[in-house]
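Topology and contacts: notes
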Amino acid sequence: MRVSALLLVTLRDDPAEAEIPSHRLLLRAGYIRRVASGIYAYLPLMWRVLRKVSAIVREEMDATGALETLLPQLQPAELWQRSGRWAGYTAGEGIMFHLQDRQERELGLGPTHEEVITALAADLLRSYRQLPVSLYQIQSKFRDEIRPRFGLMRGREFIMKDAYSFHASAEDLAREFGVMEKAYGRIFRRCGLQALAVEADSGAIGGSASKEFMVTAAAGEDLILRSADGSYAANQERAESVAQPALALEAERCTLLETPAQGTIEALCDAHGFHPSQIIKVILLVARFEQGRAQPVLVSLRGDQQLNEVKLSNALQQDHAQDWGSLLSLQALEATQLADASYLPLGFIGPDLGDAVLRGSPQLESSFLRLADHTALALDCFVCGANRADQHRVGAQWGQHGLAAPMALDVRCALEGDGLIDEPTQTLCSSRGIEVGHIFQLGRKYSEALDARFTNEQGRDEALWMGCYGIGVSRLAQAAVEQHHDEAGIVWPVPIAPFEVVVVIASTKEPVQVELAERLYSELKASGVDVLLDDRNERAGVKFKDAELIGIPWRLVVGRGAAEGVVELVERAGNARRDGAPAELMAALKERLQQQRLGL
RNA sequence: CGGGAUGUAGCGCAGCUUGGUAGCGCACUUCGUUCGGGACGAAGGGGCCGCAGGUUCGAAUCCUGUCAUCCCGACCA
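Keep in mind that this is a model prediction, so the values were computed, not measured.

**Overview of the overall build of chain A**
Helix and strand counts for chain A come out as 14 helices and 31 strands. By residue count, 52% of the 600 residues in chain A fall in the buried class. Counting contacts in chain A only where the partners sit at least 6 residues apart, residues at least 24 apart contribute 69% of the total. Summing over all exposed atoms, chain A offers an accessible surface of approximately 27000 Å²; the carbon and sulfur share of this is 49%. Separation between the mean location of the 63 positive side-chain charges and that of the 81 negative ones in chain A comes to 6 Å.

**Regarding the sheet that holds strand β30 (residues 567–571)**
Read across the open sheet, the five strands follow the order β28-β27-β29-β30-β31; overall the sheet is mixed. Each edge of the open sheet is held by one strand with a lone partner, namely β28 (531–534) and β31 (577–580). Within this sheet the neighbouring strands show an average axis-to-axis angle of 20°, counted without direction. Taken together, the five bridges between strand β27 (residues 501–505) and strand β29 (residues 554–558) define a ladder with parallel strand orientation. Pairing of V501 across the sheet is with W554, part of β29.

**What about the state of the cysteines?**
What the rule picks out here adds up to zero disulfides. Here C254 stays free of any disulfide, with the sulfur of C384 as its closest cysteine sulfur at 6.9 Å. A disulfide-free cysteine, C468 has its sulfur positioned 20 Å from the sulfur of C191, the nearest such atom. By relative accessible area, which is 4% here, C468 ends up buried.

**Re the packing of aromatic side chains**
A full pass over the atoms with the stated rule returns seven aromatic pairs. Relative to W492, the ring of Y31 lies with its centre 5.7 Å away and its plane at 55°, an arrangement referred to as tilted. Within this pair, whereas Y31 is found in the loop between α1 (21–28) and β1 (32–36), its partner W492 is found in the loop between β26 (489–490) and β27, the two being separated by 461 residues in sequence. On the numbers, 5.9 Å between centres and 85° between planes, the contact of Y184 with F188 is edge-to-face. Here Y184 and its partner F188 are both found in helix α6 (residues 170–190), four residues apart, which amounts to about one turn of the helix. Summarising the burial analysis for this pair, Y184 and F188 share the class buried. Here a set of aromatic residues connected by ring pairs shows up, and it is made of Y184, F188 and F213. Its end group placed over the ring of F499, R48 keeps NZ or CZ at 3.9 Å from the ring centre.

**Some thoughts on the domain arrangement of chain A**
Here chain A is partitioned into domain 1 (10–238 + 430–482), domain 2 (255–409) and domain 3 (499–597). Residue-level contacts link seven residues of domain 1 with six residues of domain 2. Surface buried jointly by domain 1 and domain 2 totals about 450 Å² across both partners, of which 48% is contributed by carbon and sulfur atoms. Our count for the domain 1 to domain 2 interface comes out at zero salt bridges. The tally of links from domain 1 across to domain 2 stands at three residue pairs in polar contact (both at pLDDT 80 or more). Classifying every residue of the side of domain 1 that touches domain 2 by side-chain character gives one nonpolar, three polar and three charged.

**Considerations on the sheet that holds strand β5 (residues 98–100)**
Two strands in a sheet stick together by hydrogen bonds in their backbones, pointing the same way (parallel) or opposite ways (antiparallel). Overall, antiparallel pairing links the three strands, which are arranged β4-β6-β5 in an open sheet. The sheet terminates laterally at β4 (74–76) and β5, the two strands that pair on one side only. When strand polarity is set aside, the average angle formed by the axes of neighbouring strands in this sheet is 35°.

Analysis parameters
Counting restarts for each chain, with residues numbered from 1 along the sequence as it is written. Going through the entries in the order they are written, you letter the chains from A and number the ligands from 1. At least 70 in pLDDT is required for a residue's local features to be given in this predicted model, at least 80 for side-chain atom pairs to be given and counted, and no such filter applies to totals for whole chains, interfaces and linings, which use all residues. Only hydrogens and water are set aside when side-chain values are computed; all heavy atoms of the structure are taken into account. Helix and strand definitions here come from DSSP, where helices need a minimum of 4 consecutive H or I residues and strands a minimum of 2 consecutive E residues; each element is numbered from the N-terminal end. Each residue gets one of three labels from its accessible area relative to the maximum for its type: buried under 20%, exposed over 50%, partly exposed in between, using a 1.4 Å probe on protein chains only. In what follows, residue pairs with any heavy atoms lying within 4.5 Å of each other are defined as contacts. Accessible surface is estimated by sampling points in the Shrake-Rupley manner with a 1.4 Å probe; for residues, cover comes only from the protein chains shown. Charge assignment in this entry is limited to Lys and Arg as positive and Asp and Glu as negative, and neither His nor the chain termini are counted. A charged residue contributes its charge at one atom only: NZ of Lys, CZ of Arg, CG of Asp or CD of Glu. At least two bridges found by DSSP between two strands is the condition for calling them paired. Helix axes are fitted to C-alpha atoms over the stretch in contact, other axes to C-alpha atoms as well, and angles between N-to-C directions run from 0 to 180 degrees. The disulfide criterion used throughout: a pair of cysteine sulfur atoms within 2.5 Å. Pairing of aromatic rings covers Phe, Tyr and Trp, the last counted by its six-membered ring, and requires centre-to-centre distances within 6.5 Å; plane angles under 30 degrees mean stacked, over 60 mean edge-to-face, and any other angle means tilted. Note on criteria: charge over ring means Lys NZ or Arg CZ within 6 Å of the ring centre, with the direction from the centre no more than 35 degrees off the ring normal. Domain boundaries shown here were taken from an automatic or database domain assignment. A quick way to say it: buried area is the sum, across both parts, of accessible area lost when two parts are put together, with a 1.4 Å probe. The salt bridge definition used is simple: a Lys or Arg side-chain nitrogen within 4 Å of an Asp or Glu carboxyl oxygen. N or O atoms closer than or at 3.5 Å make up a polar contact, with two conditions inside protein: a donor-capable atom paired with an acceptor-capable one, and, for residues adjacent in sequence, both atoms drawn from side chains. Here the nonpolar group is Ala, Val, Leu, Ile, Met, Phe, Trp, Tyr, Cys and Pro; Asp, Glu, Lys and Arg are the charged ones; every other residue, Gly included, is treated as polar.

Next comes the structure, spelled out in structure tokens:
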């Protein structure tokens, strides 16, 4: 390909809309253009990258025995109603784009394909003899993200590889999960990414075991906690840990303390010399369930800990979905939701806040669901709000003075410095990550809902065991930029670079240079190298800057030395350069490329 | 949805406080010089100043509304 014919439009200034390096660089280097919020056009260079990533994904998926398919993006609401996800995905904070056709039939634009694939499986799979089977596809997905951001990182339309497997037993599903985990490791390694497999929350997809693959990068949206020896790594949403011990509170008996305007843990500690771990803070939320119940929730936490809403949501879903339908949302209780907000002394609330504050608020249930984190319940003696403005209690104890001990759960965020559960002497450290893949053992959630059954060896009918496995292809490509760039621009890993080599003609006015460059370009092309020829009538500096910005791994410069048969070879990563005879450099280049294509 | 900010040429920005009919850099076109690290000079093209109302003799500028985009939280590949 000749640069003169590439429609290469690079920008000298950073577009104002881009915050993180990868987003800025992809815009500046002419890889993507924003069409609407969270919706991007993949320009020719980007499409080459995406096709290379897809090719690697295909090879590895095919190697596991998975079959490629292409499922519809327009999906009938009926399928989603059968799995029970239609309401959650379309109402309120739901993320599914949905519409009506001319017959007023409801349709959704696929954010994922569990329903469609399970319905197909119910149709196609009859006998254990057909199992196991896995299907995958690579296509655009649609999610009406609450907040699209960072370019391709969180788009509303994005390219995803999703795979679904069907098994006759939980054991075989677990086996496939292991196969996929290994395949994912190879995919990310081959793409030149440093990725880490971590234990994860299963979220809206559901299911039991799940692992996320994180590309470590400062701009990552997730926090990962891991032990130094690598034996444990988990997303903070999921991570469990042993909290650092609380400082013992010395108090003979429970007394009232005047705390004027000290409504925060910090103010309380500053004014009275407490340690945050000696205080119990109370968080009020409202959990909304499918059947319309708006349940006030009161959570007690140790003052130095943070509420983990994912863990709390999961606990609520698990304990109450049976009675009240699935949990739709969990939000802070706003004073404005109460009939009389003056009863709510925010900042001075204790675990025994009376249900009376809810009185006269017909849209809410009349009593709190009271929960506490283990670390809060483990305190023998603590400071907490007195349920009256500007007053706290010191030396309070569970079970005394009406402080009934609520149900204890793990609803706190694991923190850097906490102990490892299995070996508390080891501490956890944290880093940020971009989630590029997620694999789930779904179990029978969808097969039961959609009645996807098969006949087992004993001749009995049973629901299929399912797994699902996703890779954010477009996100992965941007994550690669996030991990591989410098001041001058992108530094693509060879296996996913849009082109492997750019031959730069320093001056197109010099016939000797043009001739030699054309010869080298043809030779590289003939030997199967993805090569660009920068034949533009531009100054050499412009071509060098552009080559660096768009991140081509190798640059072969045909310039001043051309007449004497000398060219220059520069590697983008590290900027090492050497002069030499074309034949010698070409041989070295081809050899090195062979290795780099394999990710070596 | 809550909090914060911004909409002026393809991109980056100034002008707005104190109203008088739009400017700078990059990019683009033509000519000349230059030619291995985003050249220089000359000449040019391109803007319902996000949109709608209002105030005013007069609005990019003041007021009201609205839409869009970005950032911080809830969502996730």
